[in-house]
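In case you want the letters, here they are:
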Amino acid sequence: MSYMLPHLTNGWQVDQAILNEPERVVVIRFGHDWDPACMKMDETLYSIADKVKNFAAIYLVDISQVPDFNKMYELYDPCTSMFFYRNKHIMIDLGTGNNNKINWPMEDKQEMIDIVETIYRGARKGRGLVVSPKDYSTKYRY
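Since the model is a prediction, treat every value here as computed from it, not as a measurement. (Residues numbered from 1 in each chain as written. Predicted model: local features only at pLDDT ≥ 70, side-chain atom pairs only at ≥ 80, totals over all residues. Heavy atoms only, no water.)

Moving on to a nonpolar patch on the surface. Taken together, the side chains of Tyr3, Met4 and Tyr46 present a nonpolar region at the surface, about 340 Å² in accessible area. Mapped onto the secondary structure, Met4 falls in the segment before β1 (7-8). Looking at Met4, the relative accessible area reads 41%, which means it is partly exposed. (Patch = residues over 30% accessible without salt bridge, like charges linked within 9 Å, V, L, I, M, F, W, Y side chains within 5 Å. Areas by Shrake-Rupley, 256 points an atom, 1.4 Å probe, with all protein chains shown as cover. Salt bridge = Lys/Arg side-chain N within 4 Å of Asp/Glu carboxyl O. Helix = DSSP H or I, 4+ residues; strand = E, 2+ residues; numbered from the N terminus. Buried < 20%, exposed > 50% of the residue type's maximum accessible area, 1.4 Å probe, protein only.)

With that out of the way, let us pick up the pattern of salt bridges. Applying the stated criterion across every chain yields a total of eight salt bridges. Sharing partners across several salt bridges, the network here consists of Arg29, Asp33 and Asp42.

With the rule as written, the count across this model stands at seven aromatic pairs. A ring pair is formed by Phe69 and Tyr73, whose centres lie 5.8 Å apart and whose planes are at 10°; its orientation type is stacked. Here the two residues Phe69 and Tyr73 agree in accessibility, since each one is buried. In textbook terms, an aromatic cluster arises when at least three aromatic residues are bridged by ring pairs, as seen for Phe30, Phe69, Tyr73 and Phe84. (Phe/Tyr/Trp six-rings, centres within 6.5 Å; stacked < 30°, edge-to-face > 60°.)

The backbone of Glu74 sits at a positive phi, close to 55°, despite the residue not being glycine. Note on placement: Glu74 falls in the loop between β3 (56-62) and β4 (79-85). A positive phi angle is found at Arg86, which is not glycine, with a value near 50°. By the element assignment, Arg86 lies in the loop between β4 and β5 (88-93).

With that settled, consider the pairing of strand β2 (residues 25-31). With seven of seven residues buried, β2 is to be regarded as a mostly interior element. Burial along β2 is two-sided: Val25, Val27, Arg29 and Gly31 facing one way and Val26, Ile28 and Phe30 facing the other are all buried. When β2 meets β3, the two strands line up parallel, connected through seven bridges. Looking at β3, one finds that Ile28 is bridged to Tyr59. Chirality of the crossover, the property in question, places the unit of β2, helix α2 (residues 36-49) and β3 among those that are right-handed. (Pairing = 2+ DSSP bridges. Right-handed = clockwise from strand over helix to strand, strands pointing away.)

Let us now look at the environment of Asn70. Structurally, Asn70 is set in the loop between β3 and β4. Leaving out residues up to four positions away in the same chain, Asn70 has contacts with Ile63, Leu75 and Tyr76. (Contact = heavy atoms within 4.5 Å.)

Here we come to the sheet that holds β2. Pairing is mixed across the open sheet formed by six strands, whose spatial order is β1-β3-β2-β4-β5-β6. The strands lining the two open edges of the sheet, one partner per strand, are β1 and β6 (129-131). With three bridges connecting them, β4 and β5 associate as antiparallel partners. Among the inter-strand pairings, Phe84 is bridged to a residue of β5, identified as His89. Running at roughly 160° to β2, α2 makes contact with β2, β3 and β4 of the sheet. (Axes fitted to C-alpha atoms, helices over the stretch in contact; angles between N-to-C directions.)

So, about the nonpolar core. Counting residues in each nonpolar core, the largest one holds 31 residues, and the members touching the most others are Leu45, Phe83 and Ile115. If sequence neighbours within four positions are ignored, Phe83 has contacts with Val25, Val26, Val27, Lys88, His89, Ile90, Ile92, Ile102, Met112, Ile115, Val116 and Ile119. Grouped together as the second largest cluster of nonpolar side chains are 17 residues, Ile28, Val66, Met82 and Phe84 included. (Core = buried A, V, L, I, M, F, W, Y, C linked by side-chain atoms within 4.5 Å.)

Okay, structure coming up:
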């Protein structure tokens, strides 16, 4: 469903999307449209886009088409989601040790809505780091 969400095709568009959104959280999925992990994440993002449209804007960026941010944001994973509010990167403590981004596909729609809403509420209060409503530290426990 990646074709249903707006794509940003160059660095300037990414910057403008982050700069020109004064009241909503900007969710950017960095990755490849052909990657299976990104396809799962895109499906989730598309399904929640209408529910979160009042407090979040969702964009997709192909990291091979727009390599400008790969080093800056350490975009080495197949699928990465990052959050911005009023031109500021909002970090989220997921319990995984990496507070900058979500680097796995979220398949649960309600969990993703909860994360975006938590980020929005925290960012509006001026917080640069918010705590996730769910702890993901045991996600890959065997």
